[in-house]
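# An overview of the molecular structure
The lines below spell out each chain.
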Amino acid sequence: MSDGSIPFIDTHAHVALAQFDADREAVLARAAADGVTRIIEIGYDLPSSRAALALAEAYPQIFAVVGVQPNHVADLPPDWLAQVRDLARHPKVVALGEIGLDYHWMRASPEAQALVFRQQLELARSLDLPVVIHSRDAHDDTAQVLAEAARGVSGVMHSFSGDWAYAQICLELNFLLSFSGPLTFPKATILHEVARRAPLTMLLTETDSPYLSPHPYRGKRNEPARVRLVTEQLAALREQPLAEVATIVDANARRIFPRMR
């Protein structure tokens, strides 16, 4: 349990999902008890984006991200972009996301994914909002789209899973790297190298709840309170005090998500 002096932030969670319907209040209470001061609830399609905003409206410590994730670009209604634009104008929406490319599931063609990705990057630019990027098995193409279409747009590489070479590309594009549960896995040496070498001012922490639970809870339902374990691992890898790392990560989140107050 936190002593209250160290701020933790979960910059990517899906607490609105059905996995939390039975105990959502208890989950949020545990997060608060462990010092999690803010949670960013992430949309991945139109219904989940509305649910994220509803949760943000109900809880002062929760903020929303709205958008269409690459696994959900098929069968979008004709006015989907207008719907995202309307949701994004709400003051508790801090970014567009999670958007990007996913070649693991390939539920839409790379061309269809890239089109929706680029449209949302342009929308983010027009609204002066950052973006939260989903990239799975598509690092090269994601970096290419960002280099071509994200000028003037800042953002976050959600649940960063690349090596140091890819991290350098993302950092050069001025995108922050966000670490989730896999950072705590003993064999995740490639991630450990990135966590040690990247500037701390360019790093964030997240849970991706209910997914990607950190060690020793791997395989179990994740929840925002466990972002503390990710932050502790980040501090240990960098050989810096936990309070210092957590405070800088919190400041990073406030910088990249200026609507989050």
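Residues numbered from 1 in each chain as written. Predicted model: local features only at pLDDT ≥ 70, side-chain atom pairs only at ≥ 80, totals over all residues. Heavy atoms only, no water.

### Structural notes on helix 5 (residues 139–149)
Within helix 5, the full set of buried residues consists of His139, Thr142, Ala143, Val145, Leu146 and Ala149. The buried residues of helix 5 occupy an angular sector of 160° when projected down its axis, which confines them to one face. The inward-facing, buried residues of helix 5 contact strand 4 (93–102), helix 4 (110–127), strand 5 (131–136), strand 6 (155–157), helix 6 (164–172) and strand 7 (175–179). (Buried < 20%, exposed > 50% of the residue type's maximum accessible area, 1.4 Å probe, protein only. Helix = DSSP H or I, 4+ residues; strand = E, 2+ residues; numbered from the N terminus. Arc of directions from axis to C-beta. Contact = heavy atoms within 4.5 Å.)

### Section: helix 9 (residues 242–256)
Taking 1.5 Å per residue as the helical rise, helix 9 with its 15 residues ought to reach 21 Å, and the 21 Å between its terminal C-alpha atoms agrees with that figure. Residues of helix 9 that are buried: Val245, Ala246, Val249, Asp250, Asn252, Ala253 and Ile256. For helix 9, the arc enclosing every buried residue in end-on projection is 155°, short of the 170-degree limit, so these residues lie on one face. Contacts from the buried residues of helix 9 go to strand 1 (8–13), strand 2 (36–42), strand 6, strand 7, strand 8 (203–205) and helix 8 (227–238). (Expected span 1.5 Å × (residues − 1).)

### Some details on unusual backbone geometry
That bond from Gly97 to Glu98 is cis: its omega, -10°, falls within 30 degrees of zero. Cis geometry is found at the peptide bond from His215 to Pro216, where omega equals 10°. One non-glycine residue with positive phi stands out, namely Asp137, at about 55°. Within the secondary structure layout, Asp137 lies in the loop between strand 5 and helix 5. When its relative accessible area of 51% is taken as the criterion, Asp137 is described as exposed.

### Here we look at the pairing of strand 5
Judged by how many residues are buried, strand 5 sits mostly within the fold: five of six residues are covered. As paired strands, strand 4 and strand 5 are joined by six bridges and run parallel to one another. Each residue of the ladder has a partner; that of Gly100, found in strand 5, is His134. In this fold, strand 4 hands off to helix 4, which returns the chain to strand 5; that crossover is right-handed. Summarising the sheet, strand 5 and strand 6 pair through three bridges and their orientation is parallel. Looking at strand 6, one finds that Ile133 is bridged to Met157. Regarding topology, helix 5 serves as the crossover connection from strand 5 to the parallel strand 6, and that connection is right-handed. (Pairing = 2+ DSSP bridges. Right-handed = clockwise from strand over helix to strand, strands pointing away.)

### Comments concerning the pattern of salt bridges
Using the criterion set out here, one finds eleven salt bridges in the structure. Across the salt bridge formed by Arg24 and Asp21, the nearest N and O atoms sit 2.6 Å from each other. One connected set of salt bridges, linked through shared partners, spans Asp23, Arg30, Arg221 and Glu223. (Salt bridge = Lys/Arg side-chain N within 4 Å of Asp/Glu carboxyl O.)

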